[in-house]
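Fold and contact review
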Amino acid sequence: MPDLHGHKVMEHIDSYRLNCDIIVVSGETTFDHATMALRKGAQDFLRKPYAPDELLRSVANVLERRQLKATNQSIQLRLQASESLHKFIVNNSPDMIYLLDHEGRFAFINERVKSLLGYDQKEIIGEHFSKLIHTEDIERAHFTFNERRAGERATRSAELKLSSKNNNGSRFFDSGTVPVELSSIGIYTTNDDKTKSFIGTYGVARDISERKQAEELIKYQLYHDLLTNLPNRSLFRDRLNMAMAQSKRSGKKLAIMYLDMDRFKIINDSLGHYVGDELLKMVGQRLRSELREADTLARVGGDEFNLLVPEINDIQDARNLAEKILRLTLEPFIIKNEEIFISFSIGISIYPSDGDTKDSLIKHADIAMYKVKNAGKNGYAFYSEKMKAHFSQSLDIENGLRKAISTNELCLYYQPQFDINNGYMKGVEALVRWKHPEKGTIQPNEFISVAEESGLIIPLGEWVLRRACTDIKRWMEQEGISLQLSVNISMQQLEMDQFVNKALKIIKRHQLPKDTLELEITEHAIMQDMEKAIDALTKLSHKGIRIAIDDFGTGYSSLGYLQNLPINTLKIDRSFVQGIKTSEDNSIIDAIIAMAKGLNLNLIAEGVENQTQIDHLSRAGCGLAQGFFYSHPVPEDELLKFIKLNGNTNGQDSADTIVSSDHDPSYQ
Ligand SMILES: Nc1nc2c(ncn2[C@@H]2O[C@@H]3COP(=O)(O)O[C@H]4[C@@H](O)[C@H](n5cnc6c(=O)[nH]c(N)nc65)O[C@@H]4COP(=O)(O)O[C@H]3[C@H]2O)c(=O)[nH]1
């Protein structure tokens, strides 16, 4: 190359990064020249003159090196790819992967530590594992890692709680804490003498927050009422157990309150289940917000709540709280723009004086609550031993009555009703009796109230109505007797949505003439739910069923409400009739009769026992009467015997015989 220096050629090759190897063949023989050429990238330097073999060897060497270099490069590339693949896999693992040295310090941790606990990897490398363990679990963590040192096998996985960097990660189950399932394997090296030395720990920690959350939810559901989010019966009993143990130690009393929402069923039935549910939620919230942290309010049934008040000084504390709860119900609850007023019947039992087991305390509070219900609701009562005797008696009656309805132990007696002026029998009132196989005949006063409390009045009332209609229909068809029939119904029956339809069905099936049946309901019962009463009674009245107000004068004694009700008859209560002693001093009963006449209602006096009463009633203008003066309630056969004897069907003849019966123990 006469015009170009070899170095220039090499610079050119270098600047264009030409993929070729250079062997310099030069006439320059100095050492400097040769090193310069090699420094600039020549693979070999041959001095001229050279032997061809020498050049061939040099080319072969360069080619061989070139081949080796290419192989080396490809191995390196593969290694790099494999390393980044492993790095990718490790760092993108859903689990935290770590390596501890023999002192328990992190030698490696994957990137998962950032998303899981908020730390950068470099903040953790070199730190002791305890930095990541929640303080509660430090001891367990040490145990886990030490256990691993005892053998080569992986430890059984342990559940631990880790702490996050900033204790406010919202994704964490319990703020700042991440539950993990951790497994670890000891790493050992084999010494020259074949013994093994521990050099560290390799392990994986898996986030189990979701599983724990699900477990926690299941646990919550087991111990809470999901509608109100209040504790349920199980949790209440647990807390009561604990509170009793605490009371035993401290010597302080505790109170249990059994709260039953009055008339919830009616609200639920009339306004619908949505309103009922909302009401329960709102009631729970209102009560809860006024209680102390340590008190436990639980929902234990549809409309029943239990309240545990631990550590009271004396029963005055419980009294104050019960009064406060009743005050809280004075404000209405507003649901769907509707104002709903509620009240509670509250029974209270005190530990240790009213029981030393949780069952007895709860039961006694329940008994006291029933006492309040029977006394007119909306109040509270403390349990007493006397209540228990009454309660167990009621329970016996309830159980017996339940059986009696299905085994036909009930029967009907009939008490005739007479026209005062001519003595004609106009109708009969059906009165239920319980023919107890051991106790003999039981009077309704002993079981009607229990039937009402227990809800048994519904099947009982249905049985009475059906049987009375069957009887009167038979008398009409077989004996040619035509009488009016009075049947008692209770408010609970009226409140039942299906009652009207059921009653109409029974009457239709028996094809009773219009106006034959008169349903009697007490003034007091109507007042319990005036709206419902008006609605149901109006429907019945439109179908030709007569309505009578029983025990008139004992309730509100106001005629104002009567104008809204489809009433045909007022039954003057026995107490007024029995007040008639002489013919002069009877202003109250005279006023009642005058009012009824003013409203154009039929009047029937109950409990007439003597001629003086008859005379006065007749003078005052009361048309009908029933009572022992004429007849006690009698069984069907006696009634029919009397009618046959007197030919006394619906006012054809006059009654001059007093009907009596030795079947009824009330006859004297
Ligand atoms: N001292 C006295 N008492 C007289 C006289 N005349 C009648 N009585 C009694 O007065 C009660 C009249 O029935 P009530 O006012 O409807 O009062 C009834 C009624 O409220 C209820 N009852 C009876 N049967 C039924 C029924 O089938 N359904 C419902 N819901 N209640 C019923 O039980 C109450 C008591 O019934 P009974 O024991 O049969 O008592 C009857 C009757 O025996 C009298 O001259 N003097």
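Residues numbered from 1 in each chain as written. Predicted model: local features only at pLDDT ≥ 70, side-chain atom pairs only at ≥ 80, totals over all residues. Heavy atoms only, no water.

You'll find the protein entered in an unreviewed UniProt entry as cyclic-guanylate-specific phosphodiesterase, with Candidatus Thiodiazotropha endolucinida given as the organism. Under the heading Cofactor (unreviewed entry), UniProt records this for the protein: "Mg(2+)". The UniProt entry for the protein carries the following text under Catalytic activity (unreviewed entry): "3',3'-c-di-GMP + H2O = 5'-phosphoguanylyl(3'->5')guanosine + H(+)". (UniProt positions renumbered as here; feature names shortened; annotations may be inferred.)

Right, let's talk about the overall build of the protein for a bit. Along the protein, the regular secondary structure elements total 23 helices and 24 strands. Residues classed as buried in the protein amount to 45% of the 668 residues present. Residue pairs in contact within the protein that sit at least 24 positions apart in sequence constitute 62% of those at least 6 positions apart. Carbon and sulfur atoms provide 50% of the accessible area of the protein, an area that totals close to 35,800 Å². (Helix = DSSP H or I, 4+ residues; strand = E, 2+ residues; numbered from the N terminus. Buried < 20%, exposed > 50% of the residue type's maximum accessible area, 1.4 Å probe, protein only. Contact = heavy atoms within 4.5 Å. Areas by Shrake-Rupley, 256 points an atom, 1.4 Å probe, with all protein chains shown as cover.)

Take the environment of Ser-353 next. With respect to the helices and strands, the residue Ser-353 is situated in the loop between strand E13 (344–351) and helix H12 (358–374). Sequence-wise, Ser-353 and Lys-253 are 100 residues apart; in three dimensions their C-alpha atoms are separated by 8.5 Å.

Let us look at the nonpolar core. One recurring pattern in soluble globular proteins is that nonpolar side chains are buried together. Residues Leu-494, Leu-540 and Leu-617 are the most contacted members of the largest nonpolar core, which totals 86 residues. Once residues within four sequence positions are removed from consideration, Leu-617 is found in contact with Ile-420, Val-577, Ile-580, Ile-589, Ile-593, Ala-605, Val-608 and Cys-622. (Core = buried A, V, L, I, M, F, W, Y, C linked by side-chain atoms within 4.5 Å.)

With that settled, consider the site of the ligand. Lining the immediate surroundings of the ligand are 23 residues, of which Glu-429, Asp-550, Arg-574, Glu-609 and Phe-628 lie closest. In isolation the ligand offers 800 Å² of accessible surface; the protein chains occlude 87% of this area. Taken together, the elements giving at least two residues each to the shell around the ligand come down to strand E16 (425–436), helix H14 (444–454), helix H15 (457–479), strand E20 (546–552) and helix H20 (574–578). Considering every element that reaches the shell around the ligand, the biggest residue donor is E16, with four residues. (Near = heavy atom within 4 Å.)

Right, let's talk about a nonpolar patch on the surface for a bit. Taken together, the side chains of Leu-85, Phe-88 and Ile-89 present a nonpolar region at the surface, about 320 Å² in accessible area. Its location among the elements puts Ile-89 in helix H3 (residues 52–91). (Patch = residues over 30% accessible without salt bridge, like charges linked within 9 Å, V, L, I, M, F, W, Y side chains within 5 Å. Salt bridge = Lys/Arg side-chain N within 4 Å of Asp/Glu carboxyl O.)

Following Lys-48, the chain continues into Pro-49 via a peptide bond in cis, with omega recorded as -10°. Turning to its location among the elements, Pro-49 is positioned in the loop between strand E2 (42–47) and H3. For the bond from Tyr-351 to Pro-352, the omega torsion is 10°, close enough to zero to count as cis. Within the fold, Pro-352 resides in the loop between E13 and H12.

This part is about the pattern of salt bridges. Applying the stated criterion across every chain yields a total of 34 salt bridges. Lys-161 is the salt-bridge partner of Glu-136, the closest N and O atoms lying 2.9 Å from each other. Here Lys-161 lies in strand E5 (residues 158–163) and Glu-136 lies in the loop between helix H5 (121–124) and helix H6 (138–149), a separation of 25 residues in the sequence. On the basis of relative accessibility, which here comes to 56%, the residue Glu-136 falls in the exposed class. Taking the relative accessible area as the measure of exposure, Lys-161 reaches 26% and is therefore partly exposed.

This paragraph deals with the environment of Ser-115. With respect to the helices and strands, the residue Ser-115 is situated in helix H4 (residues 112–117). A residue is classified by how much of its surface remains accessible, and Ser-115, at 44% relative accessible area, is partly exposed. On a C-alpha basis, the gap between Ser-115 and Pro-94 in space is 9.9 Å, while along the polypeptide they are 21 residues apart. One polar contact links Ser-115 to Arg-112, side chain to side chain, over a distance of 2.8 Å. (Polar contact = N/O pair within 3.5 Å; in protein donor to acceptor, adjacent residues only side chain to side chain.)

It is worth spelling out the sheet that holds strand E14 (residues 379–382) at this point. One open sheet holds the five strands; their spatial order is E9-E10-E8-E13-E14, and the pairing between them is mixed. Because the sheet does not close on itself, it has two edges, and the strands there are strand E9 (296–301) and E14. With strand direction ignored, the average angle separating the axes of adjacent strands in the sheet is 20°. Where E13 lies against E14, four bridges are found, and the strand directions are parallel. If you follow Gly-347 over to E14, its bridge partner there is Ala-381. This element, helix H8 (residues 233–250), spans strand E8 (253–261), E9, strand E10 (304–312) and E13 of the sheet and lies at about 20° to E10. Packed onto the sheet, helix H10 (residues 273–289) meets E8, E9, E10 and E13 and runs at close to 155° relative to E9. (Pairing = 2+ DSSP bridges. Axes fitted to C-alpha atoms, helices over the stretch in contact; angles between N-to-C directions.)

Here we come to the pairing of E20. The buried fraction of E20 is high, at six of seven residues. The sheet contact formed by strand E19 (residues 517–522) and E20 spans five bridges and is parallel. Across the sheet, residue Glu-518 finds its bridge partner in E20, namely Arg-546. Pairing of E20 with strand E21 (residues 569–572) involves three bridges; the strand directions are parallel. Residue pairing for E21: Ala-548 is matched across the bridge by Thr-569.

Moving on: the sheet that holds strand E6 (residues 177–190). The strand order across the open sheet formed by five strands is E4-E3-E7-E6-E5, and the pairing between neighbours is antiparallel. Taken across any chain shown, the strands that pair with only one partner, and hence form the sheet edges, are strand E4 (106–109) and E5. Taken pair by pair, the neighbouring strands of this sheet meet at an average axis angle of 30°, ignoring direction. Docked against the sheet, helix H7 (residues 209–223) engages E5, E6 and strand E7 (196–207), running at close to 135° with respect to E6.

Moving on, we get to the packing of H12 against helix H13 (residues 385–406). Packing of H12 against H13 leaves a shortest axis separation of 10 Å and a crossing angle of 80°. Here H13 runs roughly perpendicular to H12, going by the angle between their axes. In this structure, H12 uses His-364, Ile-367, Ala-368, Tyr-370, Lys-371 and Asn-374 to contact H13, whose residues at the interface are Met-387, Lys-388, His-390 and Phe-391. (Parallel < 35°, antiparallel > 145°, perpendicular 65-115°, else oblique.)

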